[in-house]
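# Coordinate analysis (summary)
Letter by letter, the chains look like this.
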Amino acid sequence: MNRTIDYYTELAQRGLQPSVQRVRILEFLHANRIHPTAEQIWLRLSPGMPTLSRTTVYNTLKLFAEAGIVQTLVIEEKEMRFDIDTSHHGHFSCDRCGTVFDFTASALSGAVPSELDGFEIRERHLYYKGLCRECRTKERRKG
């Protein structure tokens, strides 16, 4: 089955009009699991889609988040990233290279802490920051 048809279907099933721009953004997110920013998406797609505006990318990502297609990550205060993987998992952000890595986290899949009994949990986030393996190795070589 053609994967593009799947993207049109996925959008339609979520109640979103499957425009060419939305399909291309969704396709990019599935093919590039790098936790991109809206700006990164626009920079990668705009050469092949000259009419694609930054505003369209931002609005599309907002719609995708509202429809549960992506989750929004705010690991850095001034930067919003988007993750096509909406399952419960944690993220590690490297301070040096800026790469964001996924990891499974038992704390996210376990029971709700007793201190939150009676609360309605709508989101759970777990972020770690530091140096990734590659950057840490480079730092060790310097020192």
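Everything below is about the structure printed above this text.
The numbering scheme is per chain: residues are counted from 1 as the chain's sequence reads. Whole-chain, interface and lining totals are the exception, using all residues; otherwise, since this is a predicted model, local features are given only for residues with pLDDT of at least 70 and side-chain atom pairs are given and counted only at 80 or more. Computation of side-chain values covers all heavy atoms of the structure but excludes hydrogens and water.

## Some remarks on the overall build of the chain
Helix and strand assignments come from DSSP, with helices taken as H or I runs of at least 4 residues and strands as E runs of at least 2, each series counted from the N terminus. Broken down by element type, the chain carries six helices and five strands. Secondary structure of the chain in N-to-C order comes out as α-α-α-α-β-β-β-β-α-β-α. With a 1.4 Å probe rolled over the protein chains alone, any residue whose accessible area is under 20% of its type maximum counts as buried; one over 50% counts as exposed, and the rest are partly exposed. Here the chain holds 143 residues, and the buried ones make up 32% of them. If you sum the accessible surface of the chain, you get close to 9400 Å²; carbon and sulfur atoms cover 50% of it. Charge centroids of the chain, computed over 20 positive and 18 negative side chains, lie 7 Å from each other. Surface accessibility follows the Shrake-Rupley procedure with a 1.4 Å probe radius. Residue values consider only the protein chains on display as shielding. None of His or the chain ends enter the tally, which takes Lys and Arg as positive and Asp and Glu as negative. Where a charge lies is defined by one atom per residue type: Lys uses NZ, Arg uses CZ, Asp uses CG and Glu uses CD.

## Examining the pairing of strand S2 (residues 79-83)
Sheet topology places strand S1 (residues 71-76) next to S2; four bridges connect them, and they run antiparallel. For Leu 73, the partnering residue across the bridge sits in S2 and is Arg 81. The hairpin turn running from S1 into S2, its antiparallel successor, is two residues long. DSSP-based pairing: two strands are paired if at least 2 bridges between them are found.

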